[in-house]
Structures are given as C-alpha cells and as structure tokens.
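Each chain is listed here by its residues.
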Amino acid sequence: MLYYLSEYLLHTGNVPGARLMTYITFRSGAAFLLSLIIALVIGRRIIDRLQLMQIGETVRDLGLEGQLKKEGTPTMGGVIIILSLLVPCLLVGNLSNIYMVLMLIATVWCGAIGFLDDYLKIKRHNKDGMKGKFKIVGQVGLGLLVGLTMCFSPDITQRQVTVSDTSTRFEHVSEGSGFAEVSEFSQSPDMKSTQTTIPFVKGNNFDYASLTQWMGDHAQTGGWILFIIVVIVAVTATSNGANLTDGLDGLCAGISAVICAALAIMAYLGGNVIYSTYLNIMYIPGSSELVVFISALMGALIGFLWYNANPAQVFMGDTGSLTLGGIIAVFAILIHKELLIPLLCLIFFAEDLSVIIQTAYFKYTKKKYGAGRRVLRMAPLHHHFQKEGIDALIQIPKRAMAEPKIVTRFWILSILFAVLTFITLKIR
C-alpha cells in the first residue's frame, strides 16, 4: 500500500522521499527490515498463543538424543513466517506485478496445505496428518497454475539484449535501478519463450521446444507441455524435500535463508537490463519485483530463527516447511532457473532421496531375505547422523552427532552448493 501511496504523492507534487519507493533496492531493504521486525515482535505472541491452545509437537520415541525433550513444543510456527512475509509485500510491493501476484498466491496456497496437515496431526494426536496423495494433488495444482500462467499471461516474457561492439557512448538507466552504464544496447522485442537457464552451456540457455522438434508445427506447444511437467515436478519435489528437512532445530529455516539469498541475487541480475546484458544472462522484464518478495522472506526466516534456533521455542511444522519448499520452487521457475534447483537445493533433494532409497531397499530386502535391511541408520538423512548404531555401508560403530553440529554443517553445505550453482553458470 505504501508503494501506491508514494506513486500518488509523486503525481500530486514533489514530496521529499516519495521517489524512494521507485527503487527496487530501497523497497527490498525495507521489506527485509519490516519482515524481520514483524517476526521478532509477533513471534513471542504467537508462541504464547500456541502454548495456550496446547498446540504442541507429538514426538515418537525413535531413540534419538534429546528427542523426547521436544515433546509439547509449539508447532505450526510457520504462521510466523507467512505473516511476516505477506505484510511487507502488501505494504511495499507492487501488487499489479504478475510475478509478485504469483508468489503471493503460491505462499497462501502452500500455507493452506501445510496448515491443514498440521491441524489434522494435532486433532488426531499423531504424526500422520493429511494423506500424502492429497498433498501431491495440492502441489500439482499449484504447478499447473504457475505453468499455465507463464504460458498464457502476456505479462510474462523474455527479452534478448546484447551490447554492440561500437564505441558510441549511450547512457541507459535501468528502470528503478538508479544505475547508469555507458554502452550501446541492441534489444529484441519482448517475447513468450520456453527457454530456461542451464549450466555449462554458452549463453546458458536451453529451449524445451528443442526436445519436441519431432512435433513439427506444434513443437512450441510441445515445449510448453514439457515445461509445465517440469514445473509440476519441481514444485512437488522441492516442497516435499523442505518438509523432510524440517526435523532439527533451525535446519530448514537456515538452509532456506541461504537458498533465498542466492535466488535474490539471480532475480536482481536477471531483472536488470544492464547487469543481465553485461553478464550475458537471460533478461526477464518485470521480474525485479521478485527481489522485494524474496527479501521479505529472508527477513522472515531470520526472525523465525530467533525462536527456532536450538533449543527451539517453536517448530515451523508443515505450515512452514511445505510453504518454504513451494515458494523456493515457484520463485526459481519464474526467473527461469528451475533446472538449477537440483544443485541449489541439493540438501532438500538428498533428504528426498534418502527416504526413497531407504524405503525401497527395506522393502526389497524384506521380500528377498524375509527381513528388511537399511542403507542408512535412519531416514531422512539428517537423522542418520543423529542416531547411534552400526553404519550399514561400512559396518563400523558410529556415535551420534550433536544436533547443533549437524545443523551447522548442513548450513555450510548449503552455502557451498549455492556458490557452486553460480560457478557452474560461468563454466562454459
């Protein structure tokens, strides 16, 4: 709302400071600070309210160190993240921007799925919650919505911008950036495209339609269908991966904050005609508004970590974890970086795969030998390091690793994967 107020003040007169809201960097910084302050202020109140309503975590005894101490800790703390994210976006965001609208829809959509899952767990006093197939339906629905919107919306386009070799001096100031660059630009018209970003390739562009050339005149349509399928897989896998990662104090929130920082840089560079041209990366008109959204999310996550750090005063629950995974996936899709998710979110996918492999191997060995065997001491992956026992792969006794050490090391790995993601884009 402040964004529209500043626009009104600019049109009615020269009001000091009103122009600040036209700068992405200022609004992003304001969104970050607002979300951080909101999370810190409302966090304690929401935790107290959850305790009063006796909305606590139900813990099954899995033989993990310190696990039973978490019994009764308030859950559904993802509400703190969602509220701290939505309020700054509504205040300083451009709500007429299609990218901002899609991210707000994705937040509410995934938040509703996670909230319902947590509610059913609390109501039934067990860890089952919503049936997996209903979660998948919700995630697939979001993927379809995002994919079809990107396909048909005239506001979502790409533009090819190149710098000529001429020495002619031409000053171009990117909209809202406050940054001037002396160059001569050659710009193609905005266009709908199935191109996306991939590493190790000159230009870093890959067109889904190139895989459907056998369809002849319908190759572009086939490319969009393939793109929508990738979108659905990305949303589902990332959302579930974040959900599985949320098992230790501060783990999912910290990893998500690192991923968001990387995505914020990508969105800022890809949404600025000057930087995208200089770096020879895809320019997406209007996508710079996403920086405001992701900045608010980073502030909300850091504010939530104030209460979620070990020993946690509140857990985010599926309300938070499913929402974070969905947001990250949709954000990466909107800036055409969905094929970078497997590396950038490698910990999420490792958690996914650890459960799949553990379950599949257990069922296979039970059928073959009559007794199930395990690859890991426990799945998801973070519990493997937390549990004492014999390492199934090398048959050596292993001591349990302290929870804060596991979380810190996973944070470090997430930073490493974020850096590697950027490095792969420069190796061509």
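This one's a predicted model, so the numbers in the text were calculated from it and none came from an experiment. Every chain's residues receive numbers from 1 upward, in the order its sequence appears when written. The predicted nature of this model means local features are confined to residues of pLDDT at least 70 and side-chain atom pairs, given and counted, to a pLDDT of 80 or more, with totals for whole chains, interfaces and linings taken over all residues. With hydrogens and water set aside, each side-chain value is computed from the structure's full complement of heavy atoms.

Let's hear about the overall build of the protein chain: which residues, and what values?
The number of helices and strands found in the protein chain is 14 helices and eight strands. The buried label applies to any residue whose accessible area, calculated with a 1.4 Å probe on protein chains only, is under 20% of its type's maximum; exposed applies above 50%, and partly exposed to all values in between. Per-residue burial for the protein chain yields a buried fraction of 51% across its 428 residues. The criterion used for residue contact is that any of the two residues' heavy atoms lie within 4.5 Å. Sequence separation of at least 24 residues holds for 71% of the intrachain contacts in the protein chain that already meet a minimum separation of 6. Surface exposure here means Shrake-Rupley accessible area, sampled with a 1.4 Å probe, where a residue is shielded only by the protein chains that are shown. Counting only carbon and sulfur atoms, one obtains 65% of the accessible surface of the protein chain, whose full area is about 20,200 Å². Numbered from the N terminus, helices here are DSSP runs of H or I no shorter than four residues, and strands are runs of E no shorter than two.

Describe helix α4 (residues 98-124), and please don't skip the residues or the numbers.
Given 3.6 residues to a turn, an α-helix orients residues that are three or four positions apart in the same direction. An ideal rise of 1.5 Å per residue puts 39 Å on 27 residues; α4 measures up with 39 Å between its terminal C-alpha atoms. We define a polar contact as two N or O atoms separated by no more than 3.5 Å, with the added condition that, inside protein, one atom must be a possible hydrogen donor and the other a possible acceptor, whereas residues neighbouring each other in sequence contribute only through side-chain atom pairs. Regarding α4, its N-cap is Asn97, as a side-chain oxygen of that residue lies 2.9 Å from the backbone nitrogen of Tyr99 further along. Phi turns positive, to about 55 degrees, at His125, one or two residues after α4. Multiplying 1.5 Å by the residue count of a helix minus one yields the expected span of that helix.

How would you sum up helix α9 (residues 289-308)? Please name residues and give values.
The first and last C-alpha atoms of α9 sit 29 Å apart over 20 residues, in line with the 28 Å expected at 1.5 Å per residue. Of all 20 residues in α9, 18 are buried; the element is thus mostly enclosed.

An account of unusual backbone geometry is needed here, citing residue identities and associated values.
In this model, Asn310 is joined to Pro311 through a cis peptide bond whose omega is -5 degrees. As for its position among the elements, Pro311 is in the loop between α9 and α10 (317-334). Note that the residue after Ala379, namely Pro380, is joined by a cis bond; omega there is 5 degrees. Counting through the fold element by element, Pro380 comes out in the loop between α12 (346-369) and α13 (381-386). The phi dihedral of Met76 is positive, around 65 degrees, even though this residue is not glycine. Inspection of the secondary structure assignment puts Met76 in the loop between α2 (24-52) and α3 (78-92). Relative accessible area serves as the criterion here: at 6%, Met76 is assigned to the buried category. In this structure, His336 takes a positive phi of about 60 degrees despite not being glycine. Looking at the element boundaries, His336 is found in the loop between α10 and α11 (341-344). Judged by relative accessible area, His336 falls into the buried class, the value being 4%.

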